[in-house]
Structure formats: C-alpha cells, structure tokens
Amino acid sequence: MSRQSLFTRALNYLRPAPVWKPLSVTQILADQRALGIVEQFRDLYYRSGVSGDLRWRGARLIKNPCDLWMTLELFQRIRPRVVVETGTHEGGSALFYADLARVLGITTTVITVDPNPKWSVDPEAAGIVSIRGYSTDPKIIQRVREEVSRLKSDGAVMVFLDSEHSADNVFAELETYAPLVTRGSYLIVEDTNVNGHPSFPEHGPGPWEAVDRFLATSPPFEPDPDCERFLLTFNPRGWLRRTG
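I will try to describe carefully the structure that is included in this document. All values reported here derive from a predicted model rather than from experimental measurement.

### Some remarks on the environment of Phe230
Moving on, step 1. Along the polypeptide, Phe230 turns up in the loop between strand E8 (221-223) and strand E9 (239-242).
Moving on, step 2. Residue classification places Phe230 among the partly exposed residues on the basis of a relative accessible area of 32%.
Moving on, step 3. When the C-alpha atoms of Phe230 and Pro65 are compared, they prove to be 9.9 Å apart, with 165 residues separating the residues in sequence.
Moving on, step 4. Phe230 has contacts with Cys66, Trp69, Met70 and Glu73, leaving out every residue within four places of it along the chain.

In structure tokens, the structure reads:
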C-alpha cells in the first residue's frame, strides 16, 4: 500500500464522523415534494381498504398501525383515567384501548357511544361502558358527563371522535366533548384525511373542516405535529392537545 493511501486512511480514521440529524415531521411536511410523497402514500393506504382488515380480538377496527402506535405512546405519556370514544362500530378500538391500558398497568375506563354498536363480546366484562345512542343527543351527552365525573377523580381524560363524519356533526361533537379533555391530554379527531386531505375528495366537508371551524373559535387546543411523525396517519391536524 502506498504512503498516500496510508495517509488518506489515517485522515479518514481521525476525521469526525458526519453527524446525521433526522428531519422533524414539520420540516418534512414543509417540503412540497416530500409532502406530495407522504400524501400519495396516505391516500394509497386509505383507498386500499387494508385498514378495514385490522382486527382486535376478532372485532374490526378501521385504523392504521401507525395511528395505533401513536395512541399507545399517548397512553404511556398521559395515563388516562377515562377514555371517551364516539363511534363504537364492532367495538374493536374500545377493546384495544381497554386492553392497552391493562397491559400498561393503567386504571382506565373506556366509555364508547354509538346508536347501533355491534359487539361480539360483553363490553362490561372488558371494563367498557357502552352507551347506545347518538353522541350529540342531549340525554347521551349528560350521561357521558356523569360517567366521566364519577370516574375521573384527578385523572386525565382523553377523547376520540370517530362517529358520523359530516362537518356539522363533528363540529357539534367538538363543542360538546372538548370540555371533558383535561389539560395536557388529547382530543383526537379521526379521519380528517377525507374530502381531499388527501383522500376521497368526493366526501364533502368533514372532520378537517370541522377542526378548522373549531380552531377558529380560539379554544385551548392546538394540533400536535409530533403525533404525525410516523407520516402515515388518518388524522392530519386531528391530534389536538389541550394547552390550557
């Protein structure tokens, strides 16, 4: 080996290794080319229907793995005493939340609301309060509030909105259920990706538009971009953290 080669190798050995700094989700989504790639994949995944094949204990939950993992991270951080969900469907997500809390050693009660829940298990046996009715019905709202008041003590309350996805319905839910969320906890508005954000432009105004209208009222909430750091999410701008 020549002296030049040895010298070059020695220099390479002594030279500090380049520091790799990962991009934040904010930096990625601020780049139009990167944003386009992310949105194309989000749309492709959503339209593929694969999310509808996810099951938890035999019950369907129409989510994606990245959003489920983010939920796990929020549970570990927030340790919610109460989780309120609108839109039960087959009960898959309510079961997932209840089981997740047990695995993490968190004392959590899940309250889920739907006019026609399709349970294949006994929700009460799973520690779930299943309320049959429309989430915006004043009688149902009052019952949810009473349950939360009875259960929460000094614990955190987290809310997931995943019922009928029209903008008016979601906005009504936001006004109704946002006050239940404790400071530092989260109000998650699901499927803000429809109506062209980036999926299903034919949907019409939906959760995204409801979030826009809600945030325009200057509530003590702000979107948390860190909750989108896995890039695949059905809830862009829908992970709302209570700040005050």
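### Remarks on empty space enclosed by the protein
Moving on, step 1. Applying the stated criterion across every chain, the model contains two cavities of 30 Å³ or more.
Moving on, step 2. A volume near 50 Å³ is recorded for the largest cavity.
Moving on, step 3. It is helix H4 (residues 65-78) that contributes the most residues to the lining of the largest cavity, three residues altogether.
Moving on, step 4. The volume enclosed by the second largest cavity comes to roughly 30 Å³.
Moving on, step 5. Ile62, Lys63, Asp67, Glu190, Phe234 and Asn235 are the residues that line the second largest cavity.
Moving on, step 6. Considered class by class, the residues forming the lining of the second largest cavity number two nonpolar, one polar and three charged.

### Let's talk about H4
Moving on, step 1. With 14 residues, H4 should cover 20 Å at 1.5 Å per step; its first-to-last C-alpha distance of 20 Å lies within 8% of that length.
Moving on, step 2. Residues of H4 that are buried: Asp67, Leu68, Met70, Thr71, Leu72, Glu73, Leu74, Phe75 and Ile78.
Moving on, step 3. Turning to H4, the residues buried within the fold contact strand E3 (80-86), helix H5 (92-103), strand E6 (156-161), strand E7 (186-189) and E9.
Moving on, step 4. One side-chain oxygen at the N-terminal end of H4 lies 2.8 Å from the backbone nitrogen of Cys66; it belongs to Asn64.
Moving on, step 5. Remark: Arg79 follows H4 within two positions and exhibits a positive phi of approximately 50°.

### Some words on the sheet that holds E9
Moving on, step 1. Across the sheet, which stays open at both edges, the seven strands sit in the order E5-E4-E3-E6-E7-E9-E8 with mixed pairing between neighbours. Each edge of the open sheet is held by one strand with a lone partner, namely strand E5 (128-132) and E8. On average, each strand axis in the sheet is inclined to that of its neighbour by 20°, with strand direction left out of account.
Moving on, step 2. For E8 and E9, the ladder comprises three bridges, and the chain directions are antiparallel. Directly across from Pro223, in E9, lies its bridge partner Leu240.

### A word on the layout of surface pockets
Moving on, step 1. In this model, the largest pocket occupies a volume close to 440 Å³.
Moving on, step 2. Along the wall of the largest pocket there are 25 residues; nearest its centre are Gly87, Asp162, Ser163, Glu164 and His165.
Moving on, step 3. Of all the secondary structure elements, the ones that give two or more residues to the lining of the largest pocket are H5, strand E4 (109-114) and helix H7 (167-177).
Moving on, step 4. Per-class residue counts for the lining of the largest pocket are six nonpolar, 11 polar and eight charged.
Moving on, step 5. Its volume calculated, the second largest pocket comes out at about 220 Å³.
Moving on, step 6. Around the second largest pocket sit 14 residues that line it, and Leu29, Arg42, Glu228, Pro236 and Arg237 are the ones nearest its centre.
Moving on, step 7. Only helix H2 (25-30) and helix H3 (32-48) provide two or more residues apiece to the lining of the second largest pocket.
Moving on, step 8. Partitioning the lining of the second largest pocket into residue classes produces seven nonpolar, two polar and five charged.

What counts and how
- Residues numbered from 1 in each chain as written.
- Predicted model: local features only at pLDDT ≥ 70, side-chain atom pairs only at ≥ 80, totals over all residues.
- Heavy atoms only, no water.
- Helix = DSSP H or I, 4+ residues; strand = E, 2+ residues; numbered from the N terminus.
- Buried < 20%, exposed > 50% of the residue type's maximum accessible area, 1.4 Å probe, protein only.
- Contact = heavy atoms within 4.5 Å.
- 1 Å grid on protein atoms, 1.4 Å probe; cavity = no way out; pocket = protein on both sides within 12 Å on 5 of 7 lines; lining within 4 Å.
- Points joined across faces, edges and corners; volume = space filled by probe spheres on them.
- Nonpolar A, V, L, I, M, F, W, Y, C, P; charged D, E, K, R; others polar.
- Expected span 1.5 Å × (residues − 1).
- Polar contact = N/O pair within 3.5 Å; in protein donor to acceptor, adjacent residues only side chain to side chain.
- Pairing = 2+ DSSP bridges.
- Axes fitted to C-alpha atoms, helices over the stretch in contact; angles between N-to-C directions.

In short, shape yes, function no, at least from these values alone.
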